[in-house]
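Structural characterization, general
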Amino acid sequence: MKKNIKYVLGALVLLIAFYSCKKNTFSLGDLNAPTELAITTEIVGATTALPNGDGSGNVKISITAKNALSYKIDYDANTPLDLVYLPTGSVTNKFTNIGINTYRITAVAYGKGGTSSTITKDITVAFYFPVAANIVSSLTGGSSKTWVVDKSVAGHFGVGPWSSSSVTPEWWAASVNEKVGCCNCFYTTSFTFTKVVASNTYTLQVTSPDGVFTKTGSLASIPNIPSSGGEACYSYAGGTSSFSFIPASSNIAASTPSTQTSILLGGNNTFIGYGSLQREYEIMAITPTYMYLRAQGTETGNAWYLKLKSL
């Protein structure tokens with residue numbers, strides 16, 4: 001009996017040793033890229049008579065693919081590549097180049113292990129925004145006008161929360177001449193807004209004899225800025241781009257002091273005032289000599305405010 005127990009215990013020890021040395025293996029399966037990738041678009045207001053839409057610029061976009069885990073989209077191949085994450089693969093986007101324009105959409109579907117598939121589609125969309133005549137005449141003088149940040153007034157630069165309910169620089173506001181000592185380029189950079197009458201289009205020319213006032217790295221909104229460093233003046237050769245007027249996207253209440261109109265810059269080589277802002281600048285107030293702007297910062301959650309004067 002004792003001998004049998006000894007044999008059984010020995011066998012158990014061998015089995016435990018065998019299974020404890022056996023390695024677990026895992027498999028991701030086939031790492032095949034998503035297939036049957038497709039872009040479906042619906043131009044809002046499109047009819048037989050208006051094939052490019054009702055002029056709102058809105059387009060409903062849907063991306064589908066087999067075996068896709070997530071999607072990203074770039075809305076216009078004519079601007080720098082900017083892939084935006086789409087959790088559901090569906091979005092309504094507003095295309096805001098004035099008139100009837102063709103855009104090339106690029107969609108990317110991601111599968112297991114980072115595999116991906118890409119597809120493009122061209123769409124032609126109409127966008128018409130009836131900007132108030134006094135905004136155009138105040139900004140451009142009917143042809144061309146140059147503006148600078150007005151260092152002589154308090155609050156010419158400020159920051160607050162990016163919120164539809166808060167539209168003041170409640171976190172911080174600059175005092176008169178505040179940046180002269182560290183960053184005088186902030187005040188010497190000029191911004192010339194021009195109306196091209198023949199084509200009913202607009203351009204912005206930025207001239208910066210002393211560099212550009214900006215943050216660095218991914219927080220800079222213009223190219224060729226150092227990858228690291230503090231907020232300061234950095235070398236910048238200036239730039240020219242188109243711009244358009246669009247309905248402000250901030251969703252602040254109509255009763256809030258604002259023109260409800262924004263300046264939207266084309267490309268990424270120009271800016272207004274501060275080189276760490278996104279491309280849309282809401283015009284809170286404007287006269288022939290004074291302009292007050294609100295823009296979303298490149299840092300999440302920040303709204304920046306700028307007061308400029310015409311020269």
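Before reading on, note that the structure itself is shown above.
Summarised in this report is the structure supplied together with it. Every chain is numbered on its own, with residues counted from 1 as its sequence reads. Since the coordinates come from a predicted model, pLDDT governs what is reported: local features require at least 70, and pairs of side-chain atoms require 80 or more to be given and counted, while whole-chain, interface and lining totals use all residues. Side-chain numbers come from the whole structure's heavy atoms, not from hydrogens or water.

Details of the packing of aromatic side chains
Aromatic rings from Phe, Tyr and Trp, with only the six-membered ring used for Trp, were paired whenever their centres fell within 6.5 Å, and each pair was classed as stacked if the ring planes differed by under 30 degrees, edge-to-face if by over 60, and tilted otherwise. In the structure shown here, the tally under the stated rule is 18 aromatic pairs. Between Phe157 and Phe213, the aromatic rings sit 6.0 Å apart at their centres with planes inclined by 65°, giving edge-to-face as the arrangement. Taken together, the residues Phe157 in strand β9 (residues 157-161) and Phe213 in strand β13 (residues 212-214) connect sequence positions 56 residues apart. Judged on exposure class, the residue Phe157 and its partner Phe213 are both buried. When the ring of Tyr274 is compared with that of Trp304, the centres are 5.1 Å apart and the planes differ by 55°; the resulting orientation is tilted. On the criterion of sequence distance, the pair formed by Tyr274 in the loop between β16 (261-265) and β17 (277-286) and Trp304 in strand β19 (residues 302-310) is long-range, its members being 30 residues apart. The pair formed by Tyr274 and Trp304 is uniform in burial state, with each residue classed as buried. Pairwise contacts between aromatic rings join Phe157, Trp172, Phe186, Tyr187, Phe213, Tyr274 and Trp304 into one cluster. Numbering of helices and strands runs from the N terminus; a helix is a DSSP stretch of H or I covering at least four residues, while a strand is a stretch of E covering at least two. Only protein chains enter the calculation, and the probe is 1.4 Å; a residue is then buried if its accessible area is under 20% of its type maximum, exposed if over 50%, and partly exposed in between.

Considering the environment of Ile272
Tracing the chain through its elements places Ile272 in the loop between β16 and β17. A sequence separation of 125 residues divides Ile272 from Trp147, and the C-alpha atoms of the two residues are 9.5 Å apart. Apart from the residues within four sequence positions on either side, Ile272 is in contact with Phe191, Phe193, Leu204, Ile263, Leu265, Leu277, Tyr281, Leu293, Leu306 and Leu308. When checking whether two residues touch, look at their non-hydrogen atoms; a contact exists if any pair is within 4.5 Å.

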